[in-house]
Amino acid sequence: MEHAPKAIDVTNDVEMRTFNFFTMGIDGHPLGLHLDMAIPTILNNADEEQQKDWLPKAANREFIATYAQTEMGHGTNLKKLETTATYDPKTQEFVLNSPTITSTKWWPGNLGKSSNYAVVMAQLYTQGKCHGAHPFFVQLRDLNTHKPLKGITVGDIGPKFGMNTVDNGFLQFDHVRTPRRSMFMKHAKVLPDGRYVPPVHDKLNYSAMVFIRAAIVSGMAYHLLVTSTIAVRYSAIRRQGEITPGAGEVKVLDYQTQQHRIFPQLARGLAFRLSGQYIMKLYTQTMDDIRNGDISAVPDLHALSCGLKAVTTHHAALGLEQCRMACGGHGYSQASGFPLHYSVAVGACTYEGENMVMLLQTARHLMKIAKAIRAGQSPKSNKIVDYLFHKGPPKCLIDQAYDTNYRNVLESFEHLARRQTLEVYDKLVQLQQQGRNYEQAWNDCAVELCKATRAHVRTFLARTFVEEIDKISDLSIKSVLQDLLQLYLYYEVTECATGLLEDGFMTGQQHKYAKKKIYEALEKIRPNAVSIVDSFDFQDRELHSVLGRRDGNVYENLLKWAQSSPLNKTDVLPFHHKYLGKMMEEARQRSKI
Ligand SMILES: CCCCC/C=C\C/C=C\C/C=C\C/C=C\C/C=C\CC/C=C/C(=O)SCCNC(=O)CCNC(=O)[C@H](O)C(C)(C)COP(=O)(O)OP(=O)(O)OC[C@H]1O[C@@H](n2cnc3c(N)ncnc32)[C@H](O)[C@@H]1OP(=O)(O)O
Ligand SMILES: Cc1cc2nc3c(=O)[nH]c(=O)nc-3n(C[C@H](O)[C@H](O)[C@H](O)COP(=O)(O)OP(=O)(O)OC[C@H]3O[C@@H](n4cnc5c(N)ncnc54)[C@H](O)[C@@H]3O)c2cc1C
């Protein structure tokens, strides 16, 4: 029996359970968008009167709403959305229209067959002028018959890479009239006579996306912790090969390569969980500030949520695949649960803002800071970015005898983010001095800009992990989590080694030191690995995995799972005699001739 120290209560909190709810509901979760985007939109973009009308009904599930923004022709570039909402002052209504095939709303979750309302993002026209994309709350289907209303064509977009029980849909409007007050009017307004009142910040209508981006960070933590649980548990029962000849087959978890494949995903899952809590608190605080008229934190929230979303989804996608591959052939079976978890998780690399685009959004923020640094300005006491203004140590110190609270490791990450940010800023300036316009120069620096964002986000994730572990008072839990922290930090050092070695900041010797610390951490984690994943207390039904069962009875249940397949209802299937049997019979006859 694996060593079982005290359980670690890291994820037994409500928020984490909500992702369990989503993932459980991934098999046909008809309220996914209602809960995740429509209600947040009402909360943050409906005025008081609209909230009084819509919120109780939404919370009471008197209707199901989705969030219909993406179109067949545009997902990223919201400025080019084609659905129009043209105000008619005579009737005080908006006329919603899908002017082209590419304006067809395409992808919104639960739009195909479940939702009867939608938050619709459309280009707002009034008094002959376009004011950009604004959200409207529109009824799509009759509340009793559930039939599409007049002028509305709606349906499911068909099978996808995954999430095939979520009815992502398409939607077209043929001059559909909706009352003036169906426009969300907390920020921007259109008065009865058609006059447009602009918002205090033209991106406040994007808040639902920001919410999901922030939520995705913990969502990725959830996926990594779930799949690490499956991989660790299976690796603790799967015996294959010997380390010492004649000593008997070992648990594959005893192979260093297996530990090096799985444990960093466990560590990243915890790191993402802790940053996920931070960004969700920042989101909630910023929404409260906006309600009080203070929009100062909006740019920080946007930049950090975009960067974290892009980095955590990318690493989760890679990490889930590592966990799958670590489980050999049975990892490739649907019985493992990996296909389900992977196909849901990787969608987040695309939805809510495709990752490259999100990295570049954060880079916009970093370039503003770089400009201020180059102009000799001092930091504005913003803990997320202040380090960029500081001068760190000229050389890497990660192998110094004492690195209290990993200060030397964090300063290495800060050094790389600072150097990458300033270097790409200087290149941007240089290209413009050479005659390129800003947009062209930006595009010619885009890869390096994305690297600057990744380095900045890595610094944030690492610092948050260090700070949160430092707060833990229970020493038995703290020591186990510190092993995971050590693995995380030095694994990240090796992941960004090219950047640290490129300017001579880190030496090859120090890189070797980082690897040594990784192997040391793997050894320390091994005896606690099963207890760590057991402490997450995931239910077997949410793991969706025969390999990850808490009782470890994989083989008996794998056979039971296979035998329950419809294919095994009868020994001989009808197709045999109809095709294969007939083919073989004819072949035998021919061979007798
Ligand atoms: C369906 C059920 C799934 C279940 C999931 C299972 C398990 C859970 C596990 C994981 C998931 C976890 C949680 C989530 C749970 C479930 C998921 C639920 C639903 C997801 C379904 C997906 C929904 C969608 O995809 S909705 C559509 C998303 N679309 C986008 O994100 C579009 C991306 N494009 C943009 O946002 C913008 O076009 C842009 C790229 C930001 C550019 O903005 P734009 O104005 O067009 O131009 P710019 O000139 O670049 O910007 C001008 C200026 O504005 C600033 N800006 C931009 N955006 C914002 C913002 N949001 N806030 C603040 N400021 C902003 C920008 O910085 C710039 O400023 P500057 O000029 O000063 O630099
Ligand atoms: C599972 C899933 C669920 C979804 N649910 C919803 C939903 O509920 N509601 C909704 O409205 N939408 C939803 N979407 C749509 C999603 O938001 C879009 O797919 C996403 O915003 C990307 O837009 P796109 O698909 O049009 O890709 P495009 O914007 O066409 O981008 C294609 C590729 O081009 C590159 N690219 C594009 N623009 C740039 C740029 N400026 N700089 C650099 N590279 C760029 C990127 O690599 C990108 O991947 C969902 C999508 C998926 C996969």
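These figures come from a predicted structure and were not determined experimentally. (Residues numbered from 1 in each chain as written. Chains lettered and ligands numbered in written order. Predicted model: local features only at pLDDT ≥ 70, side-chain atom pairs only at ≥ 80, totals over all residues. Heavy atoms only, no water.)

### With respect to the pairing of strand 9 (residues 176–179)
Burial along strand 9 is one-sided: the residues Val176 and Thr178 are buried and none of Arg177 and Pro179 is. Taken together, the four bridges between strand 3 (residues 93–97) and strand 9 define a ladder with antiparallel strand orientation. Following the sheet pairing, Val95 is matched in strand 9 by Arg177. (Buried < 20%, exposed > 50% of the residue type's maximum accessible area, 1.4 Å probe, protein only. Helix = DSSP H or I, 4+ residues; strand = E, 2+ residues; numbered from the N terminus. Pairing = 2+ DSSP bridges.)

### Remarks on the pattern of salt bridges
Across all of its chains, the model carries 32 salt bridges by this definition. A salt bridge links Asp534 to Arg233, with the nearest nitrogen and oxygen atoms 2.9 Å apart. In this pair, Asp534 sits in helix 16 (residues 529–535) while Arg233 sits in helix 4 (residues 207–237), placing the two residues 301 residues apart along the sequence. A salt bridge links Glu520 to Lys517; its shortest N-O distance comes to 3.3 Å. Of this pair, Glu520 and Lys517 both sit in helix 15 (residues 508–525), separated by three residues, roughly a single helical turn. Classification of Lys517 by relative accessible area gives buried; the value is 14%. (Salt bridge = Lys/Arg side-chain N within 4 Å of Asp/Glu carboxyl O.)

### Some remarks on the sheet that holds strand 4 (residues 105–106)
Across the sheet, which stays open at both edges, the three strands sit in the order 4-8-7 with antiparallel pairing between neighbours. Edge strands, defined here as strands with exactly one partner in the open sheet, are strand 4 and strand 7 (152–156). In terms of strand pairing, strand 4 meets strand 8 (residues 169–173) through two bridges, oriented antiparallel. The residue bridging Trp106 from the neighbouring strand is Phe170, located in strand 8.

### Things to note about the nonpolar core
Phe137, Phe263 and Leu489 are the most contacted members of the largest nonpolar core, which has 147 residues in total. Considering each element in turn, this core owes the most residues, 20 residues, to helix 4. With 23 residues, the next largest nonpolar core counts Leu140, Val154, Val190 and Tyr196 among its residues. (Core = buried A, V, L, I, M, F, W, Y, C linked by side-chain atoms within 4.5 Å.)

### Notes on the domain arrangement of the protein chain
Here the protein chain is described as being made up of domain 1 (4–199) and domain 2 (209–377 + 446–471 + 480–530). Once you take the C-alpha centre of each, domain 1 and domain 2 turn out to be 31 Å apart. (Domains from an automatic or database assignment.)

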